[in-house]
Amino acid sequence: MSSLKTKEQYTNIVDEIIKIALNVECPNEKAETLKKTIKDYELLVPVVGEFSAGKSTFLNSFIGRKVLSVAVTPETAVATELRYSSEEYAEVIIDKGESFDCKRISIEDAAKVEKDWRCVRLYLNAENLKKIEPLVMVDMPGFDSPRDDHNRAIASYLNRGVHYVVLTSVESGTVTASMKRQIQDIQNMGRGCSFFVSKANLRSAEDVKSVTEEVRDQVEDILGETVEVKSLGKDAGAELGKLLASIDPDALFTQVFKEAVLQLIDEQSSAVATKIAALKNDREKNKEAIREMEEAKEKLERKRDRLIAEARSNRYEEETDSITSSVGAAISGEIDRLVDMAMKGANGETISQEINSIVRSAVIPAVNKVSKGITEKISVNFQMELQSYQQTFSLFDNPEIVQKMGLAASQLGDMAKVAVNGISGLAKTAAKKVGAQAAYKSVVGAIGIATSFVNPLIEIAILFLPEILGFIFGSMSKSQQEQEQRENVRSQIMNAIPKIKRELRAKIEPELQKQSELAIEAISEQFNGNIEEMAENIRKANDELENNADVIEKMQSLEKAKVDLARLKAQV
């Protein structure tokens, strides 16, 4: 496996930006944050599939010994990350209610899964794990898991995984409806997949060929593109090794961080341009600009307070309806299949689990769309407040600064993007607020443990749906005639849809209020921070003018910084 040259390159680029910023006295806090994110970022490769698809056997074969239990049940499975270490031990991530805790245990004890465990990390002295670094394999719970915490784990890894290995058992012979939905979720997040038919040694070569072709056709229908599906037998570990050797970590890292590094360079270039323009201006003009920027900040703060007041009184009916309607439509679209499941002997609990899977898949894109919409509206509101200051910004060679601030702010609600920034602006704001810790524990957690963004709205659907469905489908009679039973099942499911939507609505509306308030504060901080940074650069330039500093020398230094930043941009 190649080393991460891109990681080193981006780290060096950010280091150079930090040096340039210090040299011209235009410090950039975001550079240090991005540097740490780049340093800590892991390239996770989750192995996914239904229960009994052979994921653990597959990974054991790759590791070279039996470490992961192959007799695990849906009730005891937990996401397990596999890392190389010369010293073998395990870590478990424990949900403490208001926070996460990390506990070191033995490899043997890691098999004794507790209910409050959210993740297990195995550090193993395995040569194949060393070879694939910096890739980290993850053995995921089955996509047909009945446990809400497994569903939450699946949702949390969805935007953290950089590539997915998808297994379909030859015994299953087909891509199930729940797997189809998960493949679509992965595709929606812009992540790549590799597909395998597992347990090929349990069937004849002819059967394996037939199943492999069937799975390939199904996956191509789902993704709308040509894919390769390979079969796995006793040499499964070797096949995984070949796949991982073909994955380019540098390309994955570039995909994750390129946009963020370019944005950082643009922001630093804008700061340098502002200072150059200020040194060219007369002092009174600079002072007037600083006064206007202070006024703009006060205006933004008043707008923030008004937006928060509106958010607290807003029931977000349109946004809530958008989410619940997606849920209702998803269940309605699967009604015939759900009825068939019941007629083939599936009990209420099994059907509830399937509806859980349907809802989870529907909620993720629906919530992401709503979240993006809310942040975009908030961003536009703040941009409009700054329109009257456009001429002032243009005087300092920053005519597009308002649009750039708006674009950066609107991305705070996009799950696919906030993973790049580690703990997002929303999470940072939540961490400062009393009472927000519990709602955002999956975002903030413990340092180094929970650095990805799992939208609390998705968690609501995942956490409360099982009890809703359990109540609705708690008792399905098996004593009725087939047609009567079929109509009864259809009726129960159809009657459940408005109940599910109603229960979700009751939970989602107040959470949307909280989310919106946090988004308003985070975006306000971002806008104000950018304006304050611009004003501070003008102040420094003005101080240099007033102190009769060597302006020519300062200008030469700034012009050099401008050239250096352009050079760095060309390297990205």
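Our subject is the structure that appears above.
What counts as what
Residues numbered from 1 in each chain as written. Predicted model: local features only at pLDDT ≥ 70, side-chain atom pairs only at ≥ 80, totals over all residues. Heavy atoms only, no water. Helix = DSSP H or I, 4+ residues; strand = E, 2+ residues; numbered from the N terminus. Expected span 1.5 Å × (residues − 1). Contact = heavy atoms within 4.5 Å. Pairing = 2+ DSSP bridges. Axes fitted to C-alpha atoms, helices over the stretch in contact; angles between N-to-C directions. Buried < 20%, exposed > 50% of the residue type's maximum accessible area, 1.4 Å probe, protein only. Parallel < 35°, antiparallel > 145°, perpendicular 65-115°, else oblique. Left-handed = near helix turned anticlockwise from the far one by under 90°. Nonpolar A, V, L, I, M, F, W, Y, C, P; charged D, E, K, R; others polar. Salt bridge = Lys/Arg side-chain N within 4 Å of Asp/Glu carboxyl O.

Trainee: Explanation requested: helix H6 (residues 177-188) in the structure shown.
Mentor: Every α-helix carries 3.6 residues per turn, so stepping three or four residues along brings you back to the same face. Here H6 contains twelve residues, and its C-alpha end-to-end distance of 17 Å stays within 8% of the 16 Å for a straight helix at 1.5 Å per residue. Downstream of H6 by one or two residues, Gly 190 has phi in the positive range, about 75°.

Trainee: Any chance you could explain the environment of Gln 513 here in plain terms?
Mentor: Examined against the element boundaries, Gln 513 turns out to sit in helix H19 (residues 482-546). Through-space distance from the C-alpha of Gln 513 to that of Ile 308 is 9.0 Å; in sequence the pair is 205 residues apart. With residues up to four places along the chain from it excluded, the contact list for Gln 513 reads Ala 311, Arg 312, Ser 313, Asn 314, Arg 315 and Tyr 316.

Trainee: Is there a simple way to think about the sheet that holds strand S9 (residues 229-231) in this case?
Mentor: Backbone-to-backbone hydrogen bonds pair the strands of a sheet. The strands run either parallel or antiparallel. Taken in spatial order, the nine strands make up an open sheet running S4-S3-S5-S2-S6-S1-S7-S8-S9, and their pairing is mixed. Where the open sheet ends on each side, the last strands, each with one partner, are strand S4 (100-105) and S9. Strand-to-strand twist across the sheet, computed as the mean angle between neighbouring axes with direction ignored, equals 25°. Relative to S4, strand S3 (residues 89-95) is paired through six bridges, and the arrangement is antiparallel. The residue bridging Asp 95 from the neighbouring strand is Phe 100, located in S4.

Trainee: Even after reading the chapter, I still don't get helix H10 (residues 283-313), so can you show me in this structure?
Mentor: If you check H10, its first and last C-alpha atoms are 46 Å apart, about what 31 residues at 1.5 Å a residue would give, namely 45 Å. For H10, the complete set of buried residues consists of Asn 286, Ala 289, Ile 290, Glu 292, Met 293, Ala 296, Lys 297, Leu 300, Lys 303, Leu 307, Ile 308 and Ala 311. On its buried side, H10 packs onto helix H9 (249-280), helix H13 (348-385), helix H14 (390-395) and H19.

Trainee: It is not clear to me how the packing of helix H1 (residues 5-23) against helix H2 (residues 29-40) should be interpreted in this structure. Could you clarify?
Mentor: Helix packing for two helices is described by the angle between their axes and how far apart those axes are. Between H1 and H2, the least distance of the axes is 10 Å, while the angle of their chain directions is 165°. Taken together, the axis directions place H1 and H2 in an arrangement best described as roughly antiparallel. Regarding H1 and H2, the two cross each other, and that crossing is left-handed. In this structure, H1 uses Lys 7, Tyr 10, Thr 11, Val 14, Asp 15 and Ile 18 to contact H2, whose residues at the interface are Ala 31, Glu 32, Leu 34, Lys 35, Ile 38 and Lys 39. Considering only residue class, the contact of H1 with H2 consists of six nonpolar, one polar and five charged.

Trainee: Explain the pairing of S3 here, please?
Mentor: Put simply, side chains in a regular strand alternate between the two faces of the sheet. In terms of burial, S3 is a largely internal element, seven of the seven residues being buried. Residues Tyr 89, Glu 91, Ile 93 and Asp 95 of S3 are buried on one face, and the alternating residues Ala 90, Val 92 and Ile 94, pointing to the opposite face, are buried as well. Pairing between S3 and strand S5 (residues 117-124): six bridges, direction antiparallel. Residue pairing in the sheet places Ala 90 in a bridge with Leu 122 of S5.

Trainee: Even after reading the chapter, I still don't get unusual backbone geometry, so can you show me in this structure?
Mentor: Most peptide bonds take the trans form, and the phi angle of most residues other than glycine is negative. In this model, Glu 133 is joined to Pro 134 through a cis peptide bond whose omega is 15°. Structurally, Pro 134 can be placed in the loop between helix H4 (127-132) and strand S6 (135-139). A positive phi angle, near 60°, is found at Glu 25, a position not held by glycine. With respect to the helices and strands, Glu 25 occurs in the loop between H1 and H2. Taking the relative accessible area as the measure of exposure, Glu 25 reaches 35% and is therefore partly exposed. A positive phi angle, close to 60°, is found at Asp 397, a residue other than glycine. Topologically, Asp 397 is positioned in the loop between H14 and helix H15 (401-410).

Trainee: Quick question: what am I supposed to make of the pattern of salt bridges here?
Mentor: Opposite charge on two side chains lets them pair, provided their charged atoms get close. Applying the stated rule across the entire model yields 43 salt bridges. As a salt-bridge pair, Glu 284 and Lys 287 come within 3.8 Å of each other at their nearest N and O atoms. Pair noted here: Glu 284 and Lys 287 are both in helix H10, with a separation of three residues, about one helical turn. A relative accessible area of 54% means that Glu 284 is categorised as exposed. Measuring nitrogen to oxygen at the nearest pair gives 3.1 Å for the salt bridge that ties Arg 539 to Glu 532. For Glu 532, a relative accessible area of 24% corresponds to the partly exposed category. The structure contains a network of salt bridges with shared partners spanning Glu 42, Glu 81, Arg 83, Glu 91, Arg 121 and Arg 160.

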